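Each chain, written out:
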Amino acid sequence: MAPFEKAVRLIKDTVESRRLPSAALGIGIGDTVCVKETFGATSVTPEGIPVREDTLYDMASVSKILSTSMIALRFIAEGILDLADMLPRYFGQDAVPEDKKEISLFHLLTHTSGYPAHIPLYEKIPTPDLTVPYLLSVPLEHAPGTRVVYSCMGFILLGKMLERISGKTLDVLAREEVFSPLGMTRTGYHPLDAGTDYSANTAYTERNPLTGEWLIGQVHDENARFLNGVSGNAGVFSNLNDSIRFARMLAGHGVLDGKTYLPHRIFDVSIQNHTPGLEENRGLGFQLAGGWHSCSGRFFPQSGFGHNGFTGPHIFVDPGSGLWTVLLLNRVHPTRENAEHLRVRRILHTLIAIGLEERSLPPGPLSPS
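Criteria and cut-off values
Residues numbered from 1 in each chain as written. Predicted model: local features only at pLDDT ≥ 70, side-chain atom pairs only at ≥ 80, totals over all residues. Heavy atoms only, no water. Helix = DSSP H or I, 4+ residues; strand = E, 2+ residues; numbered from the N terminus. Rg over C-alpha atoms; globule rule 2.2 N^0.38 Å. Buried < 20%, exposed > 50% of the residue type's maximum accessible area, 1.4 Å probe, protein only. Axes fitted to C-alpha atoms, helices over the stretch in contact; angles between N-to-C directions. Parallel < 35°, antiparallel > 145°, perpendicular 65-115°, else oblique. Left-handed = near helix turned anticlockwise from the far one by under 90°. Contact = heavy atoms within 4.5 Å. Nonpolar A, V, L, I, M, F, W, Y, C, P; charged D, E, K, R; others polar. Polar contact = N/O pair within 3.5 Å; in protein donor to acceptor, adjacent residues only side chain to side chain.

### Concerning the overall build of the protein chain
Then, in step 1: A tally of helices and strands in the protein chain yields 12 helices and 10 strands.
Then, in step 2: For 369 residues, the compact-globule estimate of 2.2 N^0.38 gives 21 Å, and the C-alpha radius of gyration of the protein chain, at 20 Å, lies within 12% of that figure.
Then, in step 3: Oriented by its inertia axes, the alpha-carbon framework of the protein chain measures out at about 70 × 45 × 35 Å.
Then, in step 4: Buried residues in the protein chain amount to 56% of all 369 residues.

Written out as structure tokens, the structure is:
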């Protein structure tokens, strides 16, 4: 059996048994792409077409590393930002209440800001332009730096901070600072506004509760949708080909195709554990491996890092071996009640780790089969 074949079979069988509607799978080591396969159709409706390598998926919270975190790290490398920068520097001393004056870029990136995990902005404020004043007024759940609480709200505020620093919207920043430099030609916010109709080749998610229509190329996350599809927590769409380029850059510690995207020093510090002893292991924007319950499970190298998203996608990398995996899913189609992906991706990472071991073993009677 070829290395990684068990991992491929797992995803193939999961889709064919209809436990997940579709999948696009990439596995590689460094710049070597070992697996690039797609399964299923873009939707369970008669309009669904077979998934391809260029089929677009809603990346949900993987947007946090595809866009927001990468922009922040690039700004750090350019001397525009510093981890110790606090909110008053960018939003004004008078606009930031006392309980938030010491929230820093470091706190936002590591989910230690004290912000609650979720607030339905679309129920709290009438228009997106009130987002920053509202978030600055919300009571914190704990003092900055004392707990890890994974917070989309902190990343929404971080996205707004990046916009204020640059004078550009986050979608423009992401294109200029991430997608264009990395050659990710079909990745971005508002994918159906690119001048070509990709709706037929975009994985469906759920129905829009307001219109009853399927969400196709419109972000699934309600807050990001309220923010016109461009947000620090979600909103990016990508495909297997582009996501593999991003994973290869991560496996290269900030280098892709021989070109430095992020300086090694910036990149390597970003994947260190900055929250030891707290609820989760967090890098600077990155989710880190952390035991049997994490998305990468217990048997994938515990130095691993990456991110996953509510709609099902994830990108994860082992910095030691350069092993990486990309799995794009639309597990929320036709409903978010499907949680099969949680178990599947842990098993996937176990089989990928075994596949790496098998790949390095000489052929012989003792090789695993």
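Picking up after the structure, the text goes on.
### Concerning the packing of helix α1 (residues 5-16) against helix α12 (residues 340-360)
Then, in step 1: Two elements in contact, α1 and α12, have axes separated by 8 Å at closest approach and are oriented at 160 degrees. As far as their axial angle goes, α12 and α1 are roughly antiparallel. Crossing hand, α1 versus α12: right-handed. Touching K6, A7, L10, I11 and T14 of α1 are E340, V344, I347, L348, L351, I352 and E358, all from α12.
Then, in step 2: The residue makeup of the contact of α1 with α12, split by class, is eight nonpolar, one polar and three charged.

### Points about the side chain of S270
Then, in step 1: Inspection of the secondary structure puts S270 in helix α11 (residues 264-270).
Then, in step 2: Assessed through its relative accessible area of 0%, S270 is described here as buried.
Then, in step 3: A polar contact is formed between the side chain of S270 and the backbone oxygen of F267, at a distance of 2.5 Å.

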